[in-house]
Amino acid sequence: MDSGKHMQRRKPEIPTIKSATTNRKEVSAKNIELSKVVHLLEDPLTANLKERHQFVLKKILKRSPNGFLVKDLKDLAKVFDACAKKSEEDPIYLSFLCEAIRLCRLPFLKERASDELSYAQDVSHFLSQIGYLMRVSCPEVKLNIIDCVKSFYQCVTPQQLSDGTQQRRHRSAAARPFCFEHRFSKLLLRPQPTSPGYRLQLLEHSDLSQTLVLSLATVHHRPDIKLQLLQTLRLLSVSDLNCALMLRARGAATVCLHMNESESFGPVLFHSTEILWNLLERGNKHHVMAQLSTMECLVSLKEAFLHQLMTAVHHPELKLRNDLLVITTLISENGNTLLIESLFAILLTCLSTYPEIKPPNPLITSVKLNYTHEDLKMKKMLLNLLCLMANDVSVLQLYREENVILAVLLLTKERQERWSLAQTKELQLQALQTLCSLAPLLLDEYMSYHGNAFVLGLLGLRTQEDEAADQAPGHTDHKKTLRRLSLQLLTALTSLGEETVNQDLCDQGAISDLLGLLTQVEGSSNEEDAVALEMKSDIQLILSALCDTDMHRKELFGSEGVEMVMHFLKKGGDRFYSGLGHNKLILSTVDCVRSCIVGCYTTEDFFLAKKGVCLLLDLLCSSPKSVHGTVLATLLELCDNPNTVSHLRTWRDRDGQTAPRVLLQAWREEEAELEVQRSQDGCITDPKKPICHKLQEDLRSLCLDNSTSAAILELEENLRSKIYSIFCALGFHDLPGLSPEDYVTLSIIRRYLDFKVGEVWDEVNAELAQDGIRPVTPDRQSLETICRISEETAKRVIEEQSSILQRREEEDLSHEQLMYSEMVSQVKSQQKELVAKSWNDYVSKTSNYEVLKEVKAQRESSRAGTKTEEDGVRPVKHFIGQVVSVEQAGAEGPEGVTVSVARVSLTSAGQDQVQASPNQDPEYFRPVSVKH
């Protein structure tokens, strides 16, 4: 026994390291202890052992002075829940909850690097359990929970061990002998804090945010706790996931409803507004607006805004007031009618007219405006709110009662007594934007306050007193913007077609003023100024609306207006797709021709005399297809004037094409886009559907159940009807500059109306068949005859097109034969000239010895200068002619002599190649018969 004991004493002397299994057993033992605590608290047999409970709970707190292990949080959540339930009956458990929640401020601890991922779900559940503890009625518990959540957003380092604990550890360490095995095992198991953002990341996947939102209703009687809870929710709302969770618990509505229920009104309202802003920016905006659009929330917003309106003095308070107004603006964008029912709209409307008009509302008259920058922002937002609330027609009566139009018109004045010059400029622009929305809706009030006079005054030239102000920095841009908005207002008013508005503008000289302004803008701007282009387009649209139906106004448009239109037509459509607004300017110019010129003989004749039709045709060639319909419609209306046809016939484009040919080309392009069945030569292929296209067939299948005719409906979708109408005015015969292809197309256009009538009758027949209606025999025979006539007409057109193509082939053949004959005669004449020349050369050599020697010397020199066969050039055989016989005929001169010449080929060794002259004719050595 003694020896055995001695052996056991010697074993600890050898330094060894405990195995991992031993460490795991220690860890599992701790887990078992915590699970036993849960069983102790929940087991009915031990549920009343309060002293035992207190002892065990204090032991848990002592065991975790630096924080809780993540692996213990699952069971610890159960301990928290059990203590919360028991605290309702006995408050002795509250001390443990408060102390444990304070420890939760410290980072959670991990023993292994993988613990963060392994126990993530347990941590998320534990954070949710912390939020559930808000149900405990103890205020101290609530405050600890709030402080705990706040600590997640602070950089908290683990607390150092207390002095007493350190001393106890030193004493215990001194009492124990040194054991390397024990110290090394403790080093391996020392817990480490989790990463700083670990809790915040898992908090977004827990129910803590929703629980804190719901707990707002339980702290309304404690303003201090409510304020801290709102501060916590403000911290939570910086996360997108937390905002989504808060909205799921109706966080926007809850915060809005409780923003006014506090003694510390200012801080609570500030934090509530910040939470709402975060929810709008990071959450689902539609869900936020849906929650805030209830009657209760609108009343709460109204009370909060009214409180800030009456009490705000300093800049943060004024900014908070404007933030509430922005939230109200977002709500009004959805067309919420509850703004009127909650009386919020009345408050906003009265405030928007103050101080220009003294409202009868005593609340508004007691408002003190300091005309600061924040007050200016509030005024501009109120004007914007007027436009948004006007989407509800029921609010217009309120605007009439509060004289909103008059107040807005007064803001357009150049001088304001209370606002500074810079503030006045901003309010002028905002007031004009408001009038653009409200004036068309409140037209009677606008006219009763002489609104046109206000707007025309803004468009007019400044007086000499204002010339100095024009030199101020930024004044030119403000003046330009002011005119642009004024023109937009007039465009919106004239587009209504109200004769009273248009007549009032004309009575005040708007036509001449607008023409002068257009000239001024054109002279002071360049082609790259998008704002100037928009202003010019608006002016032309206003003039078109004023002069469209009144002959006297077209006369007032006069030669000055025609000159203006000609100026813009000459620019053409080359910059249509520049993206600056040239497309709008082109369309408005053509519309101005149709509305202000066409229909008045004086302006029409002046327009024609200035070659206006030619400019329209030039625009037709240079502009894209989207403009062709407007240009052709204008040309068609001008064709009512008999002088227009001569201009159409004499016009030529840059390539020399005539107007009929350009129109025929446009017809072919239109049919190609519509996918009309045509042959390669442009002829009709299907006599039953001579002008029908694919889109029309689709429309016909859709319109069988309706009263609309597809054959008539498609007239508005393409250019063929306009081109046909222009040809009816131009004529179908004796058109200049047409090719056979053009005549083929013209044969279809000439019968276009007949084909269109046939299509309508085909639709009538199809509708009767679909409805199961059989016409009486005479009607049925008439329908068959009409359909047969249309098909026979198409066949005759096909024959006409065939004859046109056949004549073209014959003309091409005759032209080809003529060219061949000309070529043959030209070759024969050249050959005859060569023969005569060769004869003269020959006679000169035979009759003059000096000439013969000269020719011989030239041949020898040419032989000496040519390349030999050694240079890779093959020698050419040469011939020497010899006169064999000369016969005398009866005629005189050279023609009466017949000379026979023999040719002998001579090739000498080493002789250079003699290259024949390109002008030398082989006929030179042939026998020539000359009769003398």
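Residues numbered from 1 in each chain as written. Predicted model: local features only at pLDDT ≥ 70, side-chain atom pairs only at ≥ 80, totals over all residues. Heavy atoms only, no water.

Draft legend 1. How the structure looks around the overall build of the chain. Looking only at helices and strands, the chain features 47 helices and five strands. A total of 932 residues make up the chain; the buried ones form 44% of that total. (Helix = DSSP H or I, 4+ residues; strand = E, 2+ residues; numbered from the N terminus. Buried < 20%, exposed > 50% of the residue type's maximum accessible area, 1.4 Å probe, protein only.)

Draft legend 2. Focus on the pattern of salt bridges. Overall, the coordinates contain 37 salt bridges when judged by the stated rule. We note a salt bridge from Arg102 to Glu140, for which the minimum N-O separation is 3.1 Å. Of this pair, Arg102 sits in helix α5 (residues 94–103) while Glu140 sits in helix α8 (residues 139–151), and the two are 38 residues apart along the sequence. Residue class for Glu140 comes out partly exposed when judged on its relative accessible area of 41%. Its salt-bridge partner being Glu563, residue Lys610 comes within 3.4 Å of it at the nearest N-O pair. With a gap of 47 residues between them, Lys610 in the loop between α36 (601–609) and α37 (612–622) and Glu563 in helix α34 (residues 551–569) connect regions that are remote in the sequence. Judged by its relative accessible area of 38%, Lys610 is partly exposed. Note on Glu563: relative accessible area 37%, which makes it partly exposed. When salt bridges that share partners are traced, they join Glu522, Glu527, Lys536 and Lys571 into one network. (Salt bridge = Lys/Arg side-chain N within 4 Å of Asp/Glu carboxyl O.)

Draft legend 3. Layout of the packing of aromatic side chains. Tallying each qualifying case throughout the model produces 10 aromatic pairs. Look at Phe727 and Phe732: their rings are 6.1 Å apart centre to centre, the planes differ by 15 degrees, and that puts the pair in the stacked class. The buried category is assigned to Phe732, whose relative accessible area is 17%. Relative to Tyr842, the ring of Trp839 has its centre 6.0 Å away and its plane inclined at 40 degrees; by these criteria the two rings are tilted. One end of the pair, Trp839, and the other, Tyr842, are both in helix α46 (residues 777–847), three residues apart, so they sit about a helical turn from each other. Put simply, the rings of Phe80, Phe96, Phe108 and Phe126 touch in pairs and so form one group of aromatic residues. Above the plane of the ring of Phe108 lies Arg199, whose end atom (NZ or CZ) is 5.7 Å from the centre. Positioned above the aromatic ring of Trp667 is the side chain of Arg720, whose terminal nitrogen or guanidinium carbon lies 5.9 Å from the ring centre. (Phe/Tyr/Trp six-rings, centres within 6.5 Å; stacked < 30°, edge-to-face > 60°. Lys NZ or Arg CZ within 6 Å of the ring centre and 35° of its normal.)

Draft legend 4. Geometry of a nonpolar patch on the surface. A cluster of nonpolar side chains, contributed by Leu753, Val757, Trp761 and Val764, occupies part of the molecular surface with about 310 Å² of accessible area. You can see Trp761 is positioned in helix α45 (residues 752–770). Relative accessible area serves as the criterion here: at 34%, Trp761 is assigned to the partly exposed category. (Patch = residues over 30% accessible without salt bridge, like charges linked within 9 Å, V, L, I, M, F, W, Y side chains within 5 Å. Areas by Shrake-Rupley, 256 points an atom, 1.4 Å probe, with all protein chains shown as cover.)

Draft legend 5. Quick peek at the side chain of Lys536. With respect to the element layout, Lys536 can be found in helix α33 (residues 530–547). Those residues within four positions of Lys536 in sequence are excluded, and the remaining contacts are Leu518, Val521, Glu522, Ser525, Phe568, Lys571 and Leu585. (Contact = heavy atoms within 4.5 Å.)

Draft legend 6. How the structure looks around the confidence of the model for the chain. Mean pLDDT over the chain: 82, with 83% of residues reaching 70 or higher. Scored below 50 in pLDDT, residues 1–32 makes 16 contacts in the model with residues more than four places away or belonging to other chains. Here residues 156–188 scores under 50 on pLDDT; set against residues more than four positions off or in separate chains, the count is 21 contacts. (pLDDT = per-residue confidence, 0-100.)

Draft legend 7. Inspection of the nonpolar core at higher detail. Core analysis: the biggest nonpolar cluster contains 216 residues, and Tyr399, Phe557, Phe607 and Phe727 have the highest contact counts within it. Among residues more than four places away in sequence, those in contact with Phe727 are Pro660, Leu663, Leu664, Phe732, Leu735, Leu746 and Ile749. (Core = buried A, V, L, I, M, F, W, Y, C linked by side-chain atoms within 4.5 Å.)

Draft legend 8. Looking closely at the side chain of Ser293. Here Ser293 shows up in the loop between α17 (285–292) and α18 (295–311). Within the local environment of Ser293, its side chain forms a polar contact with the backbone oxygen of Met289, the two atoms lying 2.5 Å apart. (Polar contact = N/O pair within 3.5 Å; in protein donor to acceptor, adjacent residues only side chain to side chain.)

Draft legend 9. Focus on the state of the cysteines. Counted by the stated rule, this structure contains zero disulfides. For Cys104, which is in no disulfide, the shortest distance to another cysteine sulfur is to Cys148 and amounts to 5.1 Å. Of the residues examined, Cys104 reaches a relative accessible area of 0% and is grouped as buried. (Disulfide = S-S within 2.5 Å.)

Draft legend 10. View of helix α35 (residues 582–596). An ideal rise of 1.5 Å per residue puts 21 Å on 15 residues; α35 measures up with 20 Å between its terminal C-alpha atoms. For α35, the set of buried residues is His582, Leu585, Ile586, Ser588, Thr589, Val590, Cys592, Val593, Ser595 and Cys596. Tucked inside the fold, the buried residues of α35 contact α33, α34, α36, α37 and α38 (625–638). (Expected span 1.5 Å × (residues − 1).)

Draft legend 11. Representation of a negative patch on the surface. A cluster of acidic side chains, namely Asp681, Glu809, Glu810, Glu811, Asp812 and Glu816, defines a negative patch on the protein surface. Along the chain, the position of Glu811 falls in helix α46. (Lys, Arg positive; Asp, Glu negative; His and termini not counted. Charge placed at Lys NZ, Arg CZ, Asp CG, Glu CD.)

Draft legend 12. Looking closely at the packing of α17 against helix α19 (residues 315–332). Contact pair α17 / α19: the axes reach a minimum separation of 10 Å and the direction vectors enclose 100 degrees. By the angle class used here, α17 and α19 are roughly perpendicular. Contacts from Lys285, Met289 and Leu292 in α17 reach Ile327, Leu330 and Ile331 in α19. Split by residue class, the contact of α17 with α19 holds five nonpolar, no polar and one charged. (Axes fitted to C-alpha atoms, helices over the stretch in contact; angles between N-to-C directions. Parallel < 35°, antiparallel > 145°, perpendicular 65-115°, else oblique. Nonpolar A, V, L, I, M, F, W, Y, C, P; charged D, E, K, R; others polar.)

Draft legend 13. Local environment of unusual backbone geometry. Note that the residue after Tyr354, namely Pro355, is joined by a cis bond; omega there is 10 degrees. Looking at where Pro355 falls in the secondary structure, it is placed in the loop between α21 (344–352) and α22 (362–365). Positive phi is not limited to glycine here, since Arg250 has a value of about 55 degrees. Its place among the elements puts Arg250 in the loop between α14 (240–248) and α15 (251–257). When its relative accessible area of 43% is taken as the criterion, Arg250 is described as partly exposed. Unusually for a residue other than glycine, Asn403 sits at a positive phi of about 55 degrees. Looking at the element boundaries, Asn403 is found in the loop between α24 (396–401) and α25 (404–411). For Asn403, a relative accessible area of 27% corresponds to the partly exposed category.

Draft legend 14. Up close: the environment of Asp754. With respect to the helices and strands, the residue Asp754 is situated in helix α45. The exposure class assigned to Asp754 is partly exposed, which follows from its relative accessible area of 36%. A C-alpha to C-alpha distance of 8.1 Å links Asp754 and Thr793, two positions 39 residues apart in sequence.

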